[in-house]
Amino acid sequence: PLQSSITFKKMRALSGLLCRRFSTALRGSVPGYVFDIDGVLVRGKTPIPAGRDALRALLKPGSREFRYPVMFLTNSGGVTESQKAEEVSKLCGIEISPDQVVLSHTPMRAMAEEYNSSKDSVIVCVGKRACVHVAGGYGFKRAILIDDFAIQQPLVTPNTMLEGEGEPIDESLTKLKVSAVFLMHDSRNWGRDIQLLCDILGSDGSVHRPLHPHQVVPLYVANPDFVFVNEYHLPRFAQGAFLTALEAVFLRRFGRPLAYNMFGKPHKSQYEFVERLLLERARSMGFADLETIYGIGDNPEADVRGANNAGGKWVSVLVRTGNATLCRLQRILVIL
């Protein structure tokens, strides 16, 4: 599952071939392209020239519109799809619409109705404060940030520095029962958040009550990536690393493994989700079906494994501009 199906150089040649093949008339089926963002198109706030060139090769001649259905599937988050589309558009100089972007937590919007059914409960978001606004945009009516518990009751985590005391907080929400926890972005304070998450996930949802013998509150994790890349020359820890630490502490504290539900790449549900959106985009462009779906990424364990495991029409494409280069493909056999 970690063997890339095609290299980036071959991908660029193939994209040109496909452009010529489909230039004369509409066909019943068409190739689709799903790009990762970090490490493929950009590195932090710096565009990657090869990735930008690959995108431009898929544009209609003399136009800013894509010739074929294109989506962007990333394990990043903490922002809205509109914000990410605007950011990548500016960095790459190509117009990308919000409905072309699937973030790690985008599929979570389908869960809003389920957790809005009770007016006496709240969901807790882990990440930067913008995650609460993202959850609200998905339709969650009662969402708070995990920081708010510490701000309201500093003795809960006495050994951590508190941030955000000046930001408005609905104190009534921190008193409601917690129905679920959504790990949407990187923790801003590992020690504090692990303490609070153990309190929440070890309870029946009433955070300040005695611990419950079983895990009642579900945990949803947006991004399993252990590391990510930015402008720094070495990979940095991501949500997967934080989850590893949380699992170890939870097991030591309660003597039982932490239960959680995972989103993001390489999980098949994430690829099924983006494939449905890609097919809708293909049909809106006048094509009946997808011929092949090229999943283009820099992380063998997320992008290559995810596309290969998705099977069907998916073909994995590994580029060596991000994790594949920095990690030197340790313990991974990849044919380039």
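Structure first, text after, so check above.
Everything quoted here is computed from the prediction, not taken from an experiment.

Colleague: What is the right way to read the pattern of salt bridges from this model?
Modeller: Close approach of charged atoms allows side chains of opposite charge to pair. Tallied over the entire structure, the rule returns 13 salt bridges. We note a salt bridge from Glu-87 to Lys-45, for which the minimum N-O separation is 3.4 Å. In this pair, Glu-87 is assigned in helix H3 (residues 81-92) and Lys-45 in the loop between strand S3 (42-43) and strand S4 (46-47), connecting sequence segments 42 residues apart. A residue is classified by how much of its surface remains accessible, and Lys-45, at 55% relative accessible area, is exposed. The salt bridge involving Asp-193 is made with Arg-192; its shortest N-O contact spans 2.9 Å.

Colleague: Honestly, helix H2 (residues 49-57) in this entry has me stumped. Any pointers?
Modeller: Quick reminder: α-helices carry 3.6 residues per turn. Residues three or four places apart thus point the same way. Residues Gly-51, Ala-54 and Leu-55 constitute the buried set of H2. The arc that holds every buried residue of H2, seen down its axis, measures 100 degrees, which confines them to one face.

Colleague: It is not clear to me how the sheet that holds strand S10 (residues 219-221) should be interpreted in this structure. Could you clarify?
Modeller: Think of a sheet as strands paired side by side through backbone hydrogen bonds, with each pair either parallel or antiparallel. Read from one edge of the open sheet, five strands run S8-S7-S9-S10-S13, paired in parallel fashion. Looking at the sheet topology across the chains shown, the edges are occupied by strand S8 (143-145) and strand S13 (261-262). Pairing geometry for strand S9 (residues 177-183) and S10, over three bridges, is parallel. Opposite Val-181, over in S10, you have Leu-219 as the bridge partner. Running over the sheet, helix H5 (residues 130-138) touches strand S7 (121-126) and S8 and is turned about 130 degrees from S7. In this fold helix H7 (residues 190-201) packs onto S7, S9 and S10, with an angle of close to 135 degrees to the strand it touches most, S9.

Each value, and the rule that gives it
- Residues numbered from 1 in each chain as written.
- Predicted model: local features only at pLDDT ≥ 70, side-chain atom pairs only at ≥ 80, totals over all residues.
- Heavy atoms only, no water.
- Salt bridge = Lys/Arg side-chain N within 4 Å of Asp/Glu carboxyl O.
- Helix = DSSP H or I, 4+ residues; strand = E, 2+ residues; numbered from the N terminus.
- Buried < 20%, exposed > 50% of the residue type's maximum accessible area, 1.4 Å probe, protein only.
- Arc of directions from axis to C-beta.
- Pairing = 2+ DSSP bridges.
- Contact = heavy atoms within 4.5 Å.
- Axes fitted to C-alpha atoms, helices over the stretch in contact; angles between N-to-C directions.

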